[in-house]
Amino acid sequence: MKKIILLALICPLLGIAQLKTIPKKLPTKTNITLPKIGGTTNSSTIDIAAGLKEALNNGITKEVSKLTAVDGFLKNEAVKILIPEELQKVESTLRKLGMGNLADQGIVAMNRAAEDAVKEATPIFVSAVKNMTITDAKSILMGKEDAATVYLQGATTKDLYSKLSPVVQQSIGKVGADTIWNTIISKYNSIPFVSKVNPDITDYITNKSMDGVFKMIAVEEKNIRTDLKSRTSPLLQSVFGLLNK
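Residues numbered from 1 in each chain as written. Predicted model: local features only at pLDDT ≥ 70, side-chain atom pairs only at ≥ 80, totals over all residues. Heavy atoms only, no water.

Student: Mind showing me how you'd approach the environment of Asn198 here?
Tutor: Along the chain, Asn198 turns up in the loop between helix H8 (177–189) and helix H9 (201–226). Note on Asn198: relative accessible area 73%, which makes it exposed. Along the chain, Asn198 and Leu87 lie 111 residues apart, while their C-alpha atoms are 9.6 Å from each other. (Helix = DSSP H or I, 4+ residues; strand = E, 2+ residues; numbered from the N terminus. Buried < 20%, exposed > 50% of the residue type's maximum accessible area, 1.4 Å probe, protein only.)

This is the structure we're talking about:
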């Protein structure tokens, strides 16, 4: 019985699918019957809010771990960090002067810094989920397809930036991005008649790292909401069956 419940709870973002059919008054706990091995049944009280918290934690861990892997940002076109818009003229000029490889190194370095830094995001998200109230849980369950992501953005953005910014700064040095970017800016500023630039790369990478994390959590959330195949256990089927009534 406990194994069935545990397996069900580690499905990411439990309980946030099929939103349009969720009733206005949602119980926080309900008795459901789960089939046991051998064909017998047993009744257990399931705390929907606690289940949602557990599932959110696992979904967050899954997506953040993807981004922290090598090429987690660089090879993911949805979150890949590109040259800042205000520096695109720098990139264009370098490529025209045969220094495209330097620009490419700058892109790789930014993404490596993000991959290294976002490891710090998980504890902040876990804390936000832990502090989620029953009212928050109900709002997420009955909200839009990105309700969980919006909740996490509101609850974590300030702390996430404060935590990630110094880590990004360290990561920039760790992966050599500072040296590469100093070379890029120095090369560009030495070109006659160009307007000098001095971008805040730490701020840029920090914000892009946060954007990437939230974007991937939103993708995971939407997938769970729309993919009925995520009901892979008797527990999920029973809970969704209850919410759909």
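Student: I keep staring at the side chain of Glu91 and nothing clicks. Help me out?
Tutor: For Glu91, the location among the structural elements is in helix H3 (residues 88–96). Here Glu91 falls in the buried class, since its relative accessible area comes to 19%. Leave out the neighbours within four places in its chain, and Glu91 touches Ile83, Ala103 and Ile107. (Contact = heavy atoms within 4.5 Å.)

Student: Any chance you could explain the pattern of salt bridges here in plain terms?
Tutor: It is possible for side chains of opposite charge to pair when their charged atoms get near one another. Tallied over the full model, the rule gives 9 salt bridges. Of the charged contacts, one joins Lys75 and Asp71 as a salt bridge, the two residues approaching to 3.5 Å between their closest N and O atoms. A salt bridge links Arg95 to Asp104; its shortest N-O distance comes to 2.6 Å. Looking at Arg95, the relative accessible area reads 34%, which means it is partly exposed. Taken together, the salt bridges that share partners define one network made up of Asp71, Lys75, Arg112 and Glu115. (Salt bridge = Lys/Arg side-chain N within 4 Å of Asp/Glu carboxyl O.)

Student: Can you walk me through helix H5 (residues 121–130) in this structure?
Tutor: Three or four residues apart is the spacing at which side chains of an α-helix point the same way, because the helix has 3.6 residues per turn. The set of residues buried in H5 consists of Ala121, Thr122, Ile124, Phe125, Ala128 and Val129. The buried side chains of H5 occupy one side of the element, clustering within an arc of 165° when seen end-on. Across from the buried face of H5, at angles greater than 90 degrees, the exposed residues are Pro123 and Lys130. (Arc of directions from axis to C-beta.)

Student: Looking at this structure, I do not really get unusual backbone geometry. What am I missing?
Tutor: Working note: non-glycine residues mostly have negative phi, and peptide bonds are mostly trans. Within the chain, Asp71 stands out as a residue other than glycine whose phi angle is a positive 75°. Relative to the elements of secondary structure, Asp71 occurs in the loop between helix H2 (48–68) and H3. Given the relative accessible area of 22%, Asp71 is considered partly exposed. We note that Phe193 has phi near 75°; this positive angle belongs to a residue other than glycine.

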